[in-house]
2 protein chains.
Amino acid sequence: MPDSPPSLDPVQLGAYFDLIEVTSLLRHAVEQQLREAGDLSYVQFQLLARLGDSPTGSHRMTDLADGVVYSRSGLTYQAGLLEKAGLVVRAPSPDDERSITVTITDAGRALLAKVLPGHIEVVRGLLFEPLSRDDVKALAGLLAPVRDHMRATPPRSAAPRRRKGGA
Amino acid sequence: MPDSPPSLDPVQLGAYFDLIEVTSLLRHAVEQQLREAGDLSYVQFQLLARLGDSPTGSHRMTDLADGVVYSRSGLTYQAGLLEKAGLVVRAPSPDDERSITVTITDAGRALLAKVLPGHIEVVRGLLFEPLSRDDVKALAGLLAPVRDHMRATPPRSAAPRRRKGGA
DNA sequence: GTCTACTGCTTCGAATTCGAAGGGCATGGC
DNA sequence: GCCATGCCCTTCGAATTCGAAGCAGTAGAC
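Read on for an overview of the structure. (Residues numbered from 1 in each chain as written. Chains lettered and ligands numbered in written order. Predicted model: local features only at pLDDT ≥ 70, side-chain atom pairs only at ≥ 80, totals over all residues. Heavy atoms only, no water.)

### A closer look at the interface of chain A and chain B
Inference 1: Counting from both sides, the interface comprises 59 residues of chain A and, opposite them, 59 residues of chain B.
Inference 2: Both sides together, the interface formed by chain A and chain B hides about 5,800 Å², and carbon and sulfur atoms give 71% of it.
Inference 3: Linking chain A with chain B are 6 salt bridges.
Inference 4: With a closest N to O distance of 3.4 Å, arginine 133 of chain A and aspartate 9 of chain B form a salt bridge.
Inference 5: Seen at the junction of chain A and chain B, the total is 12 residue pairs in polar contact (both at pLDDT 80 or more).
Inference 6: When residues of the side of chain A that touches chain B are traced back to their parent elements, those giving at least two are helix H1 (10-38), helix H2 (42-53), helix H5 (106-128) and helix H6 (133-152) of chain A.
Inference 7: Sort the elements by how many residues they give to the side of chain A that touches chain B and H1 of chain A lands first, with 18 residues.
Inference 8: A per-class count over the side of chain A that touches chain B returns 33 nonpolar, 12 polar and 14 charged. (Contact = heavy atoms within 4.5 Å. Buried area = accessible area lost by both parts, 1.4 Å probe. Salt bridge = Lys/Arg side-chain N within 4 Å of Asp/Glu carboxyl O. Polar contact = N/O pair within 3.5 Å; in protein donor to acceptor, adjacent residues only side chain to side chain. Helix = DSSP H or I, 4+ residues; strand = E, 2+ residues; numbered from the N terminus. Nonpolar A, V, L, I, M, F, W, Y, C, P; charged D, E, K, R; others polar.)

See below:
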């Protein structure tokens, strides 16, 4: 069974490469800013931001891990750091006894509020500076379906190596 | 000195979040595929791909590091692994005695050829599946100026806190 | 009621990452 | 020619990451 032609369009290839490079550069810049502004790593910031966004200020561990695309063990580690720093609190979920609910503290909100403007400044300066309002709209319109598609796609396992006789 | 309003448009925010999530998911999927197909990390694959793309099959260490947005010490480590695996060769540059030229070997090219189809398959299936040809063109058209802008922006230091008085 | 399968989080060890510090070559001023 | 400055790569230590294994709690079958 012959593979499909093993190459992407030059345009696709360029888009893919640029996507990787752009996010890498953005991530490095953002990490540096967060480190300087509040001694936070990007993951930590993402976690705080996600908690701060929640109406209750809380999330389950697993949901947080899925939200920021992170391993569970890594999240345990980071949650430990954040808790030790007094930025979040962990408590067993009243509902599921095995579940842990993470809640942002006032200190966490304060730190978030402190670093957020600088963060946004970097993102705007690097990512949105060369884009018009319509450009951004177009970009958002392109990314949304991709995001949904990726979320829907079997997230982990499902190794296609499985040569099921039938399929 | 009043800051600009410290928030991004909802559209901008959505685009930013989706960008991060999409690349994170893509990266995880790609890493898993590369690991299974050829026991390569993403960085290693990027390095091999970059070398394979070069007309000479070679690059200086620094250029490689800049190309894949990586730290120099990290590159030294990875180059060591790749060399130990026989996928690349390191040699002092004939020109600059202090510079090291990394060259991909036949084994490196072979491995690259072996994992590339699967890699492309994953990228196409996750990133380009929900996008039309015109969508991809639009995406490429949006990312290119951002990439150039980021490249032009002071790559490392130069904390933008510097209120450039004159220029 | 009990057993089995599944979910949620944590611990553990190994691998990777980065920044700071160090050693060697190159370039321009004198 | 000689020195100061800067670039290029490497070593070093500390921090972060992940997957596999382990420990609970939950849900459904019987």
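### As for empty space enclosed by the protein
To find leftover empty space, one rolls a probe the size of a water molecule over the atoms.
Residues and elements named next belong to chain B.
Inference 1: Enumeration over the complete set of coordinates arrives at 2 cavities of 30 Å³ or more.
Inference 2: Taken as a whole, the largest cavity spans an internal volume of roughly 50 Å³.
Inference 3: Around the largest cavity, the lining residues are Leu47, Leu51, Met61, Leu64, Leu75, Ala79, Leu82, Val88 and Val102.
Inference 4: Breaking the lining of the largest cavity down by element, the ones donating at least two residues are helix H2 (42-53), helix H3 (61-68) and helix H4 (72-84).
Inference 5: Of the residues forming the lining of the largest cavity, the biggest block, 3 residues, is contributed by H4. (1 Å grid on protein atoms, 1.4 Å probe; cavity = no way out; pocket = protein on both sides within 12 Å on 5 of 7 lines; lining within 4 Å. Points joined across faces, edges and corners; volume = space filled by probe spheres on them.)

### Brief notes about the pairing of strand S3 (residues 100-104) of chain B
Residue and element names in this part refer to chain B.
Inference 1: As paired elements, strand S1 (residues 58-60) and S3 share 3 bridges and run antiparallel to each other. Within S3, the residue paired with arginine 60 across the bridge is threonine 101.
Inference 2: Pairing of strand S2 (residues 88-92) with S3, which is carried by 5 bridges, proceeds in the antiparallel orientation. When the bridges of S3 are listed, proline 92 appears paired with isoleucine 100. (Pairing = 2+ DSSP bridges.)

### Re the protein's contact with DNA strand D
Inference 1: Close contacts around DNA strand D come from 21 residues, with Tyr70, Tyr77 and Gln78 of chain A together with Met61 and Thr62 of chain B the closest.
Inference 2: Each atom of DNA strand D within 4 Å of the protein was assigned to sugar, phosphate or base; sugar and phosphate come to 72%.
Inference 3: In this structure, glutamine 78 of chain A approaches DNA strand D through a side-chain N or O atom, which is 2.4 Å from a phosphate oxygen.
Inference 4: In this structure, methionine 61 of chain B approaches DNA strand D through a main-chain N or O atom, which is 3.3 Å from a phosphate oxygen. (Near = heavy atom within 4 Å.)

### Some thoughts on H5 of chain A
Inference 1: Helix length check: H5 of chain A (23 residues) gives 31 Å between terminal C-alpha atoms against 33 Å at 1.5 Å per residue, within 8%.
Inference 2: The principal kink in H5 of chain A, of about 35°, is found at leucine 116 of chain A, preceding the proline proline 117 of chain A by one to four residues.
Inference 3: Of the surrounding secondary structure, the elements contacted by the buried residues of H5 of chain A are H1, H2, strand S3 (100-104) and H6 of chain A together with helix H1 (10-38) and helix H6 (133-152) of chain B. (Expected span 1.5 Å × (residues − 1). Bend = angle between axes of the 7 residues up to and from the residue.)

### Some words on unusual backbone geometry
Inference 1: Positive phi, close to 55°, is recorded for aspartate 39 of chain A, a residue that is not glycine.
Inference 2: Structurally, aspartate 39 of chain A can be placed in the loop between H1 and H2.

### Points about the environment of leucine 111 of chain B
Residue and element names in this part refer to chain B.
Inference 1: With respect to the element layout, leucine 111 can be found in helix H5 (residues 106-128).
Inference 2: Residues leucine 111 and aspartate 39, spaced 72 residues apart in sequence, show a C-alpha to C-alpha distance of 9.8 Å.
Inference 3: For leucine 111, the residues in contact, after removing those within four places along its chain, are Gly38, Leu40 and Leu87.

### Some remarks on the protein's contact with DNA strand C
Inference 1: Inspection of the region around DNA strand C gives 21 residues, with Met61 and Thr62 of chain A together with Tyr70, Tyr77 and Gln78 of chain B positioned closest.
Inference 2: Backbone atoms, meaning sugar and phosphate, form 75% of the atoms of DNA strand C found within 4 Å of the protein.
Inference 3: In the model, a phosphate oxygen of DNA strand C is placed 2.8 Å from a nitrogen or oxygen of the arginine 90 of chain A side chain.
Inference 4: Counting residues per element, the surface near DNA strand C draws most heavily on H4 of chain B, which supplies 4 residues.
Inference 5: Looking at the surface near DNA strand C residue by residue, the classes come out as 6 nonpolar, 8 polar and 7 charged.

### Section: the sheet that holds S3 of chain A
Residues and elements named next belong to chain A.
Inference 1: Reading across from one edge, S1-S3-S2 is the order of the 3 strands in this open sheet, with antiparallel pairing throughout. With one partner strand each, in any of the chains shown, strand S1 (58-60) and strand S2 (88-92) form the two edges of the open sheet. Adjacent strand axes in the sheet meet at a mean angle of 25°, parallel and antiparallel pairs treated alike.
Inference 2: With respect to the sheet, H2 is in contact with S1, S2 and S3, its orientation differing from that of S3 by roughly 90°. (Axes fitted to C-alpha atoms, helices over the stretch in contact; angles between N-to-C directions.)

### With respect to the side chain of arginine 147 of chain A
Inference 1: Along the chain, the position of arginine 147 of chain A falls in helix H6.
Inference 2: On the basis of relative accessibility, which here comes to 15%, the residue arginine 147 of chain A falls in the buried class.
Inference 3: Beyond its immediate chain neighbours, meaning those up to four positions away, arginine 147 of chain A contacts Asp18, Glu21 and Val22 of chain B. (Buried < 20%, exposed > 50% of the residue type's maximum accessible area, 1.4 Å probe, protein only.)

### Remarks on the environment of glycine 108 of chain B
Inference 1: Here glycine 108 of chain B is to be found in helix H5.
Inference 2: Not counting residues within four places of it along the chain, the set of residues in contact with glycine 108 of chain B comprises Leu48, Gly86 and Leu87 of chain B.

### Observations concerning the pattern of salt bridges
Inference 1: Per the stated rule, a full pass over the model turns up 14 salt bridges over all chains.
Inference 2: Across the salt bridge formed by glutamate 83 of chain A and arginine 90 of chain A, the nearest N and O atoms sit 3.0 Å from each other.
Inference 3: Since its relative accessible area comes to 29%, glutamate 83 of chain A is described here as partly exposed.
Inference 4: Here arginine 90 of chain A falls in the partly exposed class, since its relative accessible area comes to 28%.
Inference 5: Between aspartate 63 of chain B and arginine 60 of chain B there is a salt bridge, and its shortest N-O distance comes to 3.2 Å.
Inference 6: Taking relative accessible area as the criterion, arginine 60 of chain B reaches 33% and is therefore assigned partly exposed.
Inference 7: Salt bridges linked by common partners bring Asp18 of chain A together with Arg147 and Asp148 of chain B together as one network.

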